[in-house]
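An overview of the molecular structure
Listed here are the chains, written in short residue letters.
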Amino acid sequence: MQSLRQRLFEFLFPAETDIWLTILRFGLGLQTTLYSLSLRRDWNELLGGAGIGSRDLAEALLSVEGHLVPRLGWFVALGEHLGLREETVLAIAWICLLAAGCGLLLGLASRLSAILAWFLHLCAAGSGGFVSYGVDNFMTIGLFYLMLSPLPDRYSLDWLLRERRPRDPQHLGFWRRVLQLHLCVIYFFSGLTKCLGTGWWNGSSIWRALIRPPFNVIDPEILVRGAFVLPIVGVVICLLETSYPFFIWSSKTRNIWLIAICAMHVGIGLTMGMYLFALIMIILNVAAFGPRFGLRKAANRLTSGYRKRTHKLAGTEHSFHCAPSSVHTSLLISTVATSVLRIRSTKG
Amino acid sequence: MNLAGIEAGYNYFAPNVPGGYKLVFELHYPDGRVEYELPSVSSHAAGLRIQGLLDGIGRIQHDVLREHLVKTLTQSAWREHPDVKMIRAVFGAISLPSITEFKHGKRASYQFLYAYDFSLEKPAEPKDR
């Protein structure tokens, strides 16, 4: 039992460098910046109270879910108290989102930028509920994990200029693991649901997806010529997504699945015009399962200080990913992890 | 998870790819002229969102909610054409052909579902279904 807990603990807190965090921060910075720029002319029209997105109605429906669900209406109401027009408040929100995206790109005020980007984007996605789609869901997921991760990473300006260092480097592995598990759940159920539809087995779903406005980027006449490929593509997508949690973990098959799933998203982006959606999925996948460059060297460097400390305290060398004192400080770590923690502390 | 916004799944186009929806504005000018227009936005990214909205409207079973959403889209068209006397918003489903049907010459067709007349004087009147 103890061994099982120990293995679970080691699974949840693996050794990790901050390369994945750099990819996630830079990628989400790019995504947030492009997202803001792509909507710059339609922002007010989509998110205005009486605009196309029916913000007032969307927020009324959000209130049914809960009064604490973030929304742009809070800022608009605050702006009214300060004598600001709705358009001005929305413009400020857009500028702040763009600034947060640029901040993440550069790694400047990384934590603040991540929190600001997550919150503003969540507000926009909630308030524009009628006009939001997949890209919003995945941006929210990515930004949520980014703001909780131990920023800054070593390639950020914060690291270079302010000499700020994360106090709990072992959390790097934990948050990457959470992102990995989340993606596995998402792909598995996505693939499973697709498998239930006959259209994915005979190619008709691919055909319909590609000729359906506004995703009809490719001329249907061209698609008809390659119609024999469509069932193969449909089956491959089903199998790729459903088998993702089973093949992405093994070092032997990981790269194949990662490349295949990224190729699938590149295909979606190019053939359906969903560029931002493709980008966010690729960012999340590469951050979660991308190569672990220089893991051994960096992990040793990050944890050497901790090893010395534990030698002094306990006279026993722990594995470098076990850092009980700092793990205790995390409010978001599960009860399982903390119970294992106590056992390991007792052992030491 | 709901508050954090990370509860959403990934079941787009699953289990099958649904047909789309289309909204056409019939712009009636005081001189009797009639023009047709689609909801317009400035960018492709916003266009994807409008299509998502139309798909959402198509799935809505509640008449009042559907009318409200069509009305807000119509107001946007009105802002671009302030001299229009009346706008008829015609909402329909896009019927996509299968590969075989396409090879035989069938193309995407438009199936009428709802029409709403909007004018500055009178409130919206659902006409037909």
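The structure under discussion appears in the preceding block.
Structural notes, computed from the coordinates.

Criteria and thresholds
Residues numbered from 1 in each chain as written. Chains lettered and ligands numbered in written order. Predicted model: local features only at pLDDT ≥ 70, side-chain atom pairs only at ≥ 80, totals over all residues. Helix = DSSP H or I, 4+ residues; strand = E, 2+ residues; numbered from the N terminus. Buried ≥ 20, exposed ≤ 12 C-beta atoms within 10 Å, placed from the backbone. Contact = placed C-beta atoms within 7 Å. Expected span 1.5 Å × (residues − 1). Arc of directions from axis to C-beta. Core = buried A, V, L, I, M, F, W, Y, C linked by C-beta atoms within 7 Å. Axes fitted to C-alpha atoms, helices over the stretch in contact; angles between N-to-C directions. Parallel < 35°, antiparallel > 145°, perpendicular 65-115°, else oblique. Nonpolar A, V, L, I, M, F, W, Y, C, P; charged D, E, K, R; others polar. Left-handed = near helix turned anticlockwise from the far one by under 90°.

In this section: the overall build of chain A. A count of helices and strands for chain A gives 20 helices and 0 strands. Looking at the 348 residues of chain A, the share that counts as buried comes to 46%. Sequence-distant contacts, at least 24 apart, represent 70% of the contacts inside chain A between residues at least 6 apart.

With that settled, consider the interface of chain A and chain B. Between chain A and chain B, the contact holds 48 residues from the first and 42 residues from the second. Elements with a minimum of two residues in the side of chain A that touches chain B: α3 (43-47), α4 (55-65), α7 (110-127), α8 (134-148), α10 (171-196), α12 (204-211) and α13 (220-225) of chain A.

Turning next to the environment of Y110 of chain B. Residue and element names in this part refer to chain B. Along the chain, Y110 turns up in strand β4 (residues 109-119). For the pair Y110 and K22, spaced 88 residues apart in sequence, the C-alpha separation works out to 7.8 Å. If we ignore the near neighbours within four places in the chain, the residues touching Y110 are K22, G92 and I94.

Residues and elements named next belong to chain A. Compared with the 20 Å implied by 1.5 Å per residue over 14 residues, the 20 Å span of helix α14 (residues 229-242) between its first and last C-alpha is a close match. Buried within α14 are the following residues: L230, G234, I237, C238 and E241. Looking down the long axis of α14, one finds its buried residues gathered within 95° of arc, a one-sided arrangement. Looking at the buried residues of α14, the elements they touch are α10, α11 (199-202), α12, α15 (244-247) and α16 (254-272).

All names here are of chain A. Between L151 and the following residue, P152, the backbone shows a cis peptide bond with an omega angle of 0°. Tracing the backbone shows P152 in the loop between α8 and α9 (157-162). Here the bond from P213 into P214 is cis, since omega is 5°, no more than 30 degrees from zero. Tracing the sequence through the fold places P214 in the loop between α12 and α13. At A109, a position not held by glycine, the phi torsion is positive, near 50°.

Now for the nonpolar core. In summary, soluble globular proteins display a tendency toward joint burial of nonpolar side chains. Residue and element names in this part refer to chain A. By size, the foremost hydrophobic cluster in this structure holds 103 residues, and its most contacted members are A117, L143, I280 and L284. If you tally residues by element for this core, the top one is helix α17 (residues 275-289), at 12 residues. In this structure A117 touches T32, L97, A100, G101, L104 and L143, once residues within four positions along its chain are discounted.

With that settled, consider the environment of W78 of chain B. All names here are of chain B. Tracing the backbone shows W78 in helix α2 (residues 63-80). Residue W78 is classed as partly exposed on the basis of its 18 C-beta neighbours within 10 Å. Note: C-alpha distance between W78 and L120 (42 residues apart in sequence) is 9.8 Å. Not counting residues up to four positions away in its chain, the partners in contact with W78 are V84 and I87.

Residue and element names in this part refer to chain A. Running from amino to carboxyl end, α16 crosses α17 at an angle of 170°, the nearest separation of the two axes being 8 Å. Considering the angle they form, α16 stands roughly antiparallel to α17. Contacts between α16 and α17 involve R254, L258, I261, C262, H265, V266, I268 and G269 from the first element and Y275, F277, A278, M281, I282, N285 and F289 from the second. When its residues are assigned to classes, the contact of α16 with α17 shows 11 nonpolar, 3 polar and 1 charged.

Moving on to the packing of helix α6 (residues 86-106) of chain A against α7 of chain A. All names here are of chain A. The contact between α6 and α7 brings their axes to 8 Å, and the two run at 140°. In terms of orientation, α6 lies oblique with respect to α7. As for the relative orientation of α6 and α7, their crossing is left-handed in sense. Counted together, A93, C96, L97, A100, G101, G103 and L104 of α6 and S110, S113, A114, L116, A117, L120 and H121 of α7 form the full contact between these two elements. Residues of the contact of α6 with α7, tallied by class, amount to 9 nonpolar, 5 polar and no charged.

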